[in-house]
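Reading the structure
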Amino acid sequence: MEGVTDPIYRKTVMGLFPEWDMFATDFLRVPTEGTITHKKALEHFGEEIYENLKLREKTTFQILTTPRANTEQTIQVIDELGFNHLDLNLGCPSRRVNAHLGGSYLLSDLKLLEQVVGGIRKKFNRCFTVKIRVGYKDDSEFDHIIKTLTDCGVEAITIHGRTKVEMYKGVAQWKYFSRACELTDVPIIANGDIWTPEDIEKIFTETNCYGVMCGRSAMKTPWLAQLYRLFKERKVLTAEQRLSLRTELNSIYFSSLERDLSPILGAEKTLKKMKSLIRYSFDDYDEGEMFKRKLLRTPELETFLHSMSLLKHNSTHAS
Ligand SMILES: Cc1cc2nc3c(=O)[nH]c(=O)nc-3n(C[C@H](O)[C@H](O)[C@H](O)COP(=O)(O)O)c2cc1C
């Protein structure tokens, strides 16, 4: 996720919550002018993650490209570095990206879609997946999009159940996951508004999806995969137990991030990054919104961390 899953963040979260099967990098923008060096690709992926084979294998290298960009050269570098898994972002709704015919724009032009996706497929022999929305302006081309991607030979399709025009409005429509499973044998990965273990289970029960992908819910509950495993073992936690676990794990999560970010970024940038990560963290607390606003106004990292420790105190009282 852009602005979230940089290498330091991923390494910390991979260490704390190894129950996730896969992590994705934020997207590397394929340049229209100039080239991507091996050094740049490695930095984007995270050198320490690259050195650790187990973590490397769990990481998808995400790119965003346009028909005019230097995709072939970037793919060659990614291939030479031996990354196992490449994912193409076909969901980005950014006006600027779409004006350059990239991201979700490609869902509105199936010829270009075939050209870009087919071009990458020819150059990259390992696992190549794509992430889409259900259409650009509307869902009228959904079936054709799935067919085009299937014919191109992608290894999996992640579907965010909204069109580009919908941005984040309303709730993602899960009906598209079932429809896609009817249309293709390519594994379908469901995405959009999957917040709880019960949501994950519902998707697996009601569709033939191969997997789920969590965005905002993984920011809110980085231990969601762990909760789902507990759920599968029939260890279902009550709302109160979940909140108590949230308080405990939030404390570990944010202090671990601070420990790993501070020496590299310094206090000011660490505070900025931590603030960008708390958007959904306190949604389940009675006065979570107020607490979050207070944290967002905090000018010093030290005060920010101190306030976090108070959340633990308050929540212990509440439960
Ligand atoms: C901060 C943020 C950054 C995101 N970055 C990316 C990205 O780099 N690539 C991508 O395909 N989707 C990106 N998305 C979209 C999510 O992957 C996901 O499709 C969307 O948020 C809906 O799923 P969710 O309800 O699980 O969040 C981003 C979303 C957010 C909130």
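This is a predicted model, so every value here is computed, not measured. (Residues numbered from 1 in each chain as written. Predicted model: local features only at pLDDT ≥ 70, side-chain atom pairs only at ≥ 80, totals over all residues. Heavy atoms only, no water.)

1. Some points on the overall build of the chain
Helix and strand counts for the chain come out as 15 helices and eight strands. Here the C-alpha radius of gyration of the chain, 20 Å, is about what a compact globule of 319 residues would show, namely 20 Å. Summarising its shape, the C-alpha atoms of the chain cover approximately 60 × 45 × 35 Å along the three principal directions. A buried classification covers 52% of the 319 residues belonging to the chain. Taken as a whole, the chain presents about 16,200 Å² of accessible surface, with 51% of it coming from carbon and sulfur. In the chain, 45 side chains carry a positive charge and 44 a negative one; their mean positions are 3 Å apart. (Helix = DSSP H or I, 4+ residues; strand = E, 2+ residues; numbered from the N terminus. Rg over C-alpha atoms; globule rule 2.2 N^0.38 Å. Buried < 20%, exposed > 50% of the residue type's maximum accessible area, 1.4 Å probe, protein only. Areas by Shrake-Rupley, 256 points an atom, 1.4 Å probe, with all protein chains shown as cover. Lys, Arg positive; Asp, Glu negative; His and termini not counted. Charge placed at Lys NZ, Arg CZ, Asp CG, Glu CD.)

2. Re the domain arrangement of the chain
One frequently used descriptor of interface size is the decrease in accessible area upon assembly of the parts. Segmentation of the chain into domains returns domain 1 (7–224) and domain 2 (239–318). Listed by partner, the interface residues are 16 residues for domain 1 and 20 residues for domain 2. Buried area between domain 1 and domain 2, summed over both chains or domains, comes out near 1,600 Å², and the portion from carbon and sulfur atoms is 71%. Of all residues in domain 1, Ile8, Lys220 and Trp223 bury the most surface against domain 2, accounting for 41% of the area lost on that side. Scanning the region where domain 1 abuts domain 2 turns up six residue pairs in polar contact (both at pLDDT 80 or more). The set of elements that each furnish at least two residues to the side of domain 1 that touches domain 2 consists of helix 1 (7–16), helix 10 (197–206) and helix 11 (216–220). Element by element, the count of residues in the side of domain 1 that touches domain 2 is highest for helix 1, at five residues. Residues that form the side of domain 1 that touches domain 2 fall into these classes: 10 nonpolar, three polar and three charged. (Domains from an automatic or database assignment. Contact = heavy atoms within 4.5 Å. Buried area = accessible area lost by both parts, 1.4 Å probe. Polar contact = N/O pair within 3.5 Å; in protein donor to acceptor, adjacent residues only side chain to side chain. Nonpolar A, V, L, I, M, F, W, Y, C, P; charged D, E, K, R; others polar.)

3. Here we look at unusual backbone geometry
Despite not being glycine, Leu101 shows a phi value in the positive range, around 65°. Inspection of the secondary structure puts Leu101 in the loop between helix 6 (95–99) and helix 7 (110–123). Its identity as a non-glycine residue notwithstanding, Met167 has a phi of 50°, on the positive side. Its location among the elements puts Met167 in the loop between strand 6 (156–160) and helix 9 (175–183).

4. As for the site of the ligand
Near the ligand there are 15 residues, and of these Gln62, Lys131, Asn191, Asp193 and Arg216 occur at the shortest range. Taking Asn89, its side chain carries an N or O atom lying 3.1 Å from a nitrogen atom of the ligand. Starting from 610 Å² of accessible surface for the ligand in isolation, the protein chains cover 87%. For the shell around the ligand, the class distribution of residues is five nonpolar, six polar and four charged. (Near = heavy atom within 4 Å.)

5. Topic: the packing of aromatic side chains
By the definition in use, this model includes 15 aromatic pairs. A ring pair is formed by Phe61 and Phe83, whose centres lie 5.1 Å apart and whose planes are at 35°; its orientation type is tilted. Separated by 22 residues along the polypeptide, Phe61 in strand 3 (residues 59–64) and Phe83 in the loop between helix 5 (71–80) and strand 4 (85–90) bring together distant segments of the chain. In this pair, the class of Phe61 matches that of Phe83, namely buried. (Phe/Tyr/Trp six-rings, centres within 6.5 Å; stacked < 30°, edge-to-face > 60°.)

6. So, a negative patch on the surface
A cluster of acidic residues, Asp138, Asp139, Glu141 and Glu166, forms a negative patch at the surface. If you trace the backbone, Glu141 turns up in the loop between strand 5 (127–133) and helix 8 (142–152). Exposure remark for Glu141: the relative accessible area of 33% places this residue in the partly exposed category. (Patch = residues over 30% accessible without salt bridge, like charges linked within 9 Å, V, L, I, M, F, W, Y side chains within 5 Å. Salt bridge = Lys/Arg side-chain N within 4 Å of Asp/Glu carboxyl O.)

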